[in-house]
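# Coordinate inspection notes
For reference, the chains in residue letters:
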Amino acid sequence: MPPPIELPDDVETLKRLVIESYREVEAARAALISEQLQVEKLRFQVACLKRSRYGRSSEQLDTQIAQLELTIEDLEASQAELASSTRTVQPGVPIKPARRPLPPELPREQIVHAAACTCPDCGGELRPAGEDVSEMLEWVPGHHKVLRHVRPKFSCQRCDKLIQAPAPARPIARGIAGPGLLAHVLVSKYQDHLPLYRQSQIFAREGIDLERSTLADWVGGASELLAPLVDVLARYVMGAQKLHADDTPVPVLCPGRGTTRQGRLWTYVRDDRPAGSSEPPAVLLRYASDRKAERPREHLTMFRGILQADAYAGYELLYGERIQEASCWAHARRKFYDIHLEQDSPIAAQALERIGRLYAIEAEIRGRPPDDRRAVRQARAGPELESLHAWLHAVLPSVSKKSELAIAIRYLLSRWPAFTRFRDDGRIELDNNAAERSLRAVALGRKNWLFAGSDDGGERAAAIYSLLGTAHLNGLNVEAYLRYVLERLPEYPVNQLDELLPWAVVDQLPVLRMAA
């Protein structure tokens, strides 16, 4: 057994030790990512060589190459995210990146940052003394352009003091990407499901040389910049009285092995508009490397209220005084629908008809206040529920105990209190469709990019999906919204970030509203 570690008594020394230990851990993590990246690049090269040897007829090799492309871009983004979190840039220091110049044929827009008219020290008259010029690649819908930031230099004729306007803030320190271009890359990757290597090919067709590694740097840097805003969004979502929860599998590549394992994306939706609430809707996604019960417990540590979800066993540990269960009628209905579709069962058909009457009542009271909904439900849905409960008990003995129909009936009866809780609480919805809708973009992306390149990639995807999903729920053009926040975040006060949440900018940017 190693000898016990002796720690100093004074607080300041302890703080220094903690900071040094944190830096060592981050450095070790960066080194590990760098090594993993090198391994994946070598494996990618080997796969390309094999394909050139055996011909393009091998679909397995093509799939392997696509997998390696995604793994590399996620590792490069992780590398960039670590670098941006530890990098410091001195304000006013000229940015002179070692990169190829932007294509001269792109349109230029010049922005001059004027300094003071007189010397701030002695009040003397200024004379020109040169200028600094930096270029930023920007995207406006339909085309690219270059923003030329010109900062003239002036010297005082009396005291020779050099005067120059400070360099404008950039979303990514020392980066050439403007906020519009960053938003376009993020939306293309996460909303339109275009991997970075494909985006790089699209840029190349337009005469712009942007390597996949450069785009990965931008994704990592933008994710680091957006992280505090996602934290503010998370606090708002977890402050709800009712949440919709669901999860979906996401295949994740294992760097260095070429195999996949199953990660999970969990969604938590705050949306009380069907109950007449004026509070803005929001969605929060969280990534986890597995589906263990402690994952939702960790996510919902700060939540108190009603949780609408399916019958996942991991939620059972949460239910009690702090969190109340509300089951999903759409989930129960789906079981009977599948049976009716496959077996043309008259019992399943009758179950569907009875559940349909509950949905008909809900359609009439959607958007009304909770008290009104409760009163209507107790008067009209209550008798329907009692009749359905008695009927289920009556038909259960007549079906085979191991049949799918019996399983569907027992599923309803075993969770009857959770299924009927909506009758006496107007805040609760009949189903959990709000959560399922929030995962549609993930399901579409899974068909296109098939997997996440790493756990870090899964966490980035969850964060970006949270902002995009919330912007969409609030009727915003998601790319225009991201551009708006990326333009302002570098210099925005941390204690006022709630002013950049989607619903807070709707009135400031009415042009972002989507057509009804």
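A short tour of the structure in this document, coming up. (Residues numbered from 1 in each chain as written. Predicted model: local features only at pLDDT ≥ 70, side-chain atom pairs only at ≥ 80, totals over all residues. Heavy atoms only, no water.)

## Description of the pattern of salt bridges
Counting across every chain of the model gives 26 salt bridges. Residue arginine 273 is joined to aspartate 271 by a salt bridge in which the shortest nitrogen-to-oxygen separation is 2.8 Å. For arginine 373, the salt bridge goes to glutamate 429, with nearest N and O atoms at 2.6 Å. Pair noted here: arginine 373 is in helix H10 (residues 370-395) and glutamate 429 is in the loop between helix H12 (416-420) and helix H13 (433-438), with a separation of 56 residues, a long-range link. Here the two residues arginine 373 and glutamate 429 agree in accessibility, since each one is buried. (Salt bridge = Lys/Arg side-chain N within 4 Å of Asp/Glu carboxyl O. Helix = DSSP H or I, 4+ residues; strand = E, 2+ residues; numbered from the N terminus. Buried < 20%, exposed > 50% of the residue type's maximum accessible area, 1.4 Å probe, protein only.)

## A look at helix H8 (residues 329-343)
Taking 1.5 Å of rise per residue, 15 residues should cover 21 Å, and H8 covers 21 Å from first to last C-alpha, within 8% of that figure. The set of residues buried in H8 consists of Trp329, Ala330, Ala332, Phe336 and Ile339. The inward-facing, buried residues of H8 abut helix H9 (346-365), H10, helix H11 (404-414), H12 and H13. Backbone geometry just after H8 places aspartate 344 at a positive phi near 55°. (Expected span 1.5 Å × (residues − 1). Contact = heavy atoms within 4.5 Å.)

## So, the packing of H10 against H11
Two numbers describe how H10 lies on H11: the axes approach to 10 Å, and their chain directions differ by 135°. Taken together, H10 and H11 sit at an angle that is classed as oblique. Along this stretch, H10 crosses H11, giving a crossing that reads as left-handed. Residues His389, Leu392, His393 and Val395 of H10 lie in contact with H11, whose contacting residues are Ile409, Leu412 and Leu413. Looking at the contact of H10 with H11 residue by residue, the class counts come to 5 nonpolar, 2 polar and no charged. (Axes fitted to C-alpha atoms, helices over the stretch in contact; angles between N-to-C directions. Parallel < 35°, antiparallel > 145°, perpendicular 65-115°, else oblique. Left-handed = near helix turned anticlockwise from the far one by under 90°. Nonpolar A, V, L, I, M, F, W, Y, C, P; charged D, E, K, R; others polar.)

## Describing the packing of helix H3 (residues 179-190) against helix H16 (residues 478-488)
For the pair H3 and H16, interaxial distance at closest approach is 8 Å and the crossing angle is 135°. Relative to H16, H3 is oriented oblique. The handedness of the crossing between H3 and H16 is right-handed. The segment H3 lies against H16, with Pro179, Gly180, Leu182, Ala183, His184, Leu186 and Val187 engaging Val478, Glu479, Leu482, Arg483, Leu486 and Glu487. Here the contact of H3 with H16 is composed, by residue class, of 8 nonpolar, 2 polar and 3 charged.

## A word on the nonpolar core
Residues Leu137, Trp218, Leu226, Leu243, Leu307, Tyr315 and Leu482 are the most contacted members of the largest nonpolar core, which totals 82 residues. Considering every element that reaches this core, the biggest residue donor is helix H5 (residues 212-238), with 15 residues. If we skip the residues at most four places from it in the chain, leucine 137 touches Leu102, Leu106, His144, Lys145, Val146, Ile176, Ala177, Gly178, Leu181, Ile208 and Leu210. With 33 residues, the next largest nonpolar core counts Ala348, Ala381, Leu392 and Ile428 among its residues. (Core = buried A, V, L, I, M, F, W, Y, C linked by side-chain atoms within 4.5 Å.)

## Considering the environment of phenylalanine 336
Along the chain, the position of phenylalanine 336 falls in helix H8. With a relative accessible area of 1%, phenylalanine 336 lands in the buried category. In this structure, the C-alpha to C-alpha distance between phenylalanine 336 and alanine 348, residues 12 residues apart in sequence, is 5.1 Å. With residues up to four places along the chain from it excluded, the contact list for phenylalanine 336 reads Ala348, Ala351, Leu352, Ile355, Leu405, Ala408, Ile409 and Leu412.

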